[in-house]
Amino acid sequence: MGETTPDDGEFVRATEGFRRELLAHCYRLLGSVDDAEDLVQETYLRAWRGYERFEGRSSVRVWLYRIATNVCLTALGHRNRRVLPSGLGRPSDDPSAPPSIAGPEVRWLQPMPDALVRPENDDPAATVAVRDSIRLALMACLQYLPARQRAVLILRDVLAFSATEVADMLDTTTAAVKSTLRRARAKVEEISPAAERVVPPTDRELRALLGRYIAAFENSDAAALESLLRQDATLEMTPAKTWFSGKATCVPYLTKYALFSPGDWQMVPTSANGQPAVVAYLRGEDGDHHAFAIAVLTLAVDGIAGITLFGEPGMAAKFGRPQVRPVSDR
C-alpha cells in the first residue's frame, strides 16, 4: 500500500482506554448516539493510519481529542442541529388533541445510555463529571451553539483542556479560543431554562420515585401518576412536535393517549444522560411486549419535573435490552 502501518498491539494499548470518553465527547457535539459511535470509529481509523507519524508533541489523549473534534466538526457542517420538542415551539394547551408528528426534516436529540460512557475505572468523581456533562438540559442547550462554539465550550469548560491545547486542536489562536468561549458562555446563559432549579433527590428517594412511576404506568393508574408530577412538570415525546408544560395538561394527555389497560405497559429501569430512565414496552396484538420508547426522567425531591420520551424502539438494543419481551419469558 506504500505506507507504514503501526503495530496493532502497541496502538491498542496506547489508545483503547480513551474510547468511552471519546464517545461521550462526540455525543456532546452531535447529540446522537448513532452518529457518535460512527465518528468514534472514524477517529480510531484516522488515528491508526497516522500513528506512525505521531511524534509525541502532545499526549495521546490530546491527540485523539484533536482528531475526534475535527471529525465531528466536519460532520456538523452538513447536518442540522438536533432538538427536543420544546425547541420547536410553545407547549400545547389542548391535551385532548392528537399530537402533531414532525416530518423527516426534524432531527431529534437521542438519549445516551450511561453504561456506554461510564468510566471504566469506576472513579466516583469521574462518573459524576460525565453524568453531569450529558444531562438532557445541557445537551439541548449545546445544540443551539454554532459547531465551533460548541466544541470550544466543551473542550474548555467540560473537559478542562487549556486554551493553548484547544487552539492547537482547532488550528487557531489562543485569543480566538478565549473570544469564542466568551460568546458560547453568553449564549448558553441566554438560552438556559430560567425555571426554578431542580433539587435532586437522594439515591433512596430516586429509586422510590422511579418505582412509583413504573407502577403507575404498568397499572394504568392515572391518579398515582398525577400524584408524582410536580405542578410545573413537562412532557415531551419524540417524534411529536407537541409537548406540554404543567400537570394540568400533562395528566389529561397521558390519561387519554398513554394509559391503556393494566398490563399493557412494561417498564424496565435503566439510566440515560445521567438521569433515571426506563425502556418502555407496549403489549402488541400477539400478546408480547414490544420495545416502544426510552423515557428519561428529571426527578426532584418533590416529584417528577420532566418526562422526555424518545420514540425510537430500536434504541432498546443500545441499552442492552431486547426488542420483544415474549409472554413465554415471564
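Thresholds, definitions, all that
- Residues numbered from 1 in each chain as written.
- Predicted model: local features only at pLDDT ≥ 70, side-chain atom pairs only at ≥ 80, totals over all residues.
- Heavy atoms only, no water.
- Helix = DSSP H or I, 4+ residues; strand = E, 2+ residues; numbered from the N terminus.
- Buried < 20%, exposed > 50% of the residue type's maximum accessible area, 1.4 Å probe, protein only.
- Salt bridge = Lys/Arg side-chain N within 4 Å of Asp/Glu carboxyl O.
- Phe/Tyr/Trp six-rings, centres within 6.5 Å; stacked < 30°, edge-to-face > 60°.
- Pairing = 2+ DSSP bridges.
- Expected span 1.5 Å × (residues − 1).
- Contact = heavy atoms within 4.5 Å.
- Core = buried A, V, L, I, M, F, W, Y, C linked by side-chain atoms within 4.5 Å.
- Axes fitted to C-alpha atoms, helices over the stretch in contact; angles between N-to-C directions.
- Parallel < 35°, antiparallel > 145°, perpendicular 65-115°, else oblique.
- Left-handed = near helix turned anticlockwise from the far one by under 90°.
- Nonpolar A, V, L, I, M, F, W, Y, C, P; charged D, E, K, R; others polar.

Engineer: Before we move on, could you go through unusual backbone geometry and cite the residues and values that matter?
Structural biologist: Backbone torsion omega between Thr 238 and Pro 239 reads 10°, so that peptide bond is classified as cis. Note on placement: Pro 239 falls in the loop between β1 (229-238) and β2 (243-245). Positive phi is not limited to glycine here, since Asp 171 has a value of about 55°. Structurally, Asp 171 can be placed in the loop between α9 (163-169) and α10 (174-191). Take Asp 171: its relative accessible area is 59%, and that puts it in the exposed class. Of note in this structure, Ser 220 is not a glycine but carries a positive phi near 50°. Counting through the fold element by element, Ser 220 comes out in the loop between α11 (203-218) and α12 (222-228).

Engineer: Pulling in residues and values, what's your account of the pattern of salt bridges?
Structural biologist: Scanning the model with the defined rule gives 17 salt bridges in all. The closest approach of N and O atoms between Arg 107 and Asp 35, which form a salt bridge, is 3.4 Å. Taken together, the positions of Arg 107 in the loop between α4 (60-76) and α5 (114-117) and Asp 35 in helix α3 (residues 33-50) put the pair 72 residues apart, joining distant regions of the chain. Overall, Asp 35 belongs to the buried group, its relative accessible area being 14%. Among the ionic pairs, Asp 232 bridges to Arg 230, the shortest N-O distance being 2.9 Å. On the basis of relative accessible area, Arg 230 is assigned to the buried category, the value being 7%. Taken together, the salt bridges that share partners define one network made up of Asp 34, Glu 37 and Lys 318.

Engineer: Give me the packing of aromatic side chains: which residues, what numbers.
Structural biologist: The description of an aromatic ring pair rests on the distance of the ring centres and on the angle between the ring planes. For the coordinates displayed, the defined rule picks out 12 aromatic pairs. Here Phe 11 and Tyr 44 contribute two aromatic rings whose centre-to-centre distance is 6.4 Å and whose plane-to-plane angle is 80°, an arrangement assigned as edge-to-face. Taken together, the residues span a long stretch of sequence, with Phe 11 in helix α1 (residues 8-15) and Tyr 44 in helix α3 at a distance of 33 residues. Summarising the burial analysis for this pair, Phe 11 and Tyr 44 share the class buried.

Engineer: Give a description of the pairing of strand β6 (residues 303-310) that names residues and reports values.
Structural biologist: By the criterion of burial, β6 is predominantly enclosed, with 8 of the 8 residues buried. Here β1 runs beside β6; their pairing, made up of 6 bridges, is parallel. Across the sheet, Met 237 pairs through a bridge with Leu 309, a residue of β6. In this sheet, β6 lies alongside strand β5 (residues 289-300) in antiparallel orientation, the contact comprising 7 bridges. When the bridges of β6 are listed, Ala 295 appears paired with Leu 309. The antiparallel hairpin formed by β5 and β6 contains 2 residues in its connecting segment.

Engineer: Outline helix α8 (residues 147-158), supporting the account with residue identities and numerical values.
Structural biologist: Over its 12 residues, α8 runs 15 Å from end to end, which matches the ideal 16 Å to within 8%, given 1.5 Å per residue. Buried-residue contacts for α8 involve α2 (19-30), α4, α7 (136-142), α9 and α10. Two residues or fewer after α8 comes Ala 160, characterised by a positive phi angle close to 60°.

Engineer: Mind laying out the nonpolar core, listing which residues take part and the relevant values?
Structural biologist: In this structure, Leu 30 and Phe 161 are the most contacted members of the largest nonpolar core, which totals 65 residues. If we ignore the near neighbours within four places in the chain, the residues touching Leu 30 are Asp 35, Ala 36, Leu 39, Cys 72, Leu 76, Arg 79, Arg 82 and Gln 143. Counting residues in hydrophobic clusters, the runner-up holds 30 residues, among them Leu 235, Phe 244, Tyr 253 and Ala 280.

Engineer: Could you give an account of the packing of α1 against α3, naming the residues involved and the relevant values?
Structural biologist: As a packed pair, α1 and α3 sit with axes 11 Å apart at the nearest point and diverge in direction by 130°. With respect to α3, the element α1 is oriented oblique. Where α1 crosses over α3, the two elements pack in a sense that is right-handed. Residues Asp 8, Phe 11 and Thr 15 of α1 form the contact with α3, whose participating residues are Tyr 44, Ala 47 and Trp 48. In the contact of α1 with α3, the residues fall into 4 nonpolar, 1 polar and 1 charged.

Engineer: Before we move on, can you summarise the packing of α2 against α8 with the specific residues and values?
Structural biologist: Running from N to C, α2 and α8 cross one another at 140°; their axes reach a closest spacing of 9 Å. It follows from the interaxial angle that α2 and α8 lie oblique. As for the relative orientation of α2 and α8, their crossing is right-handed in sense. From α2, His 25, Arg 28 and Leu 29 reach across to α8, where they touch Arg 150, Ala 151, Ile 154, Leu 155 and Val 158. A per-class count over the contact of α2 with α8 returns 5 nonpolar, 1 polar and 2 charged.

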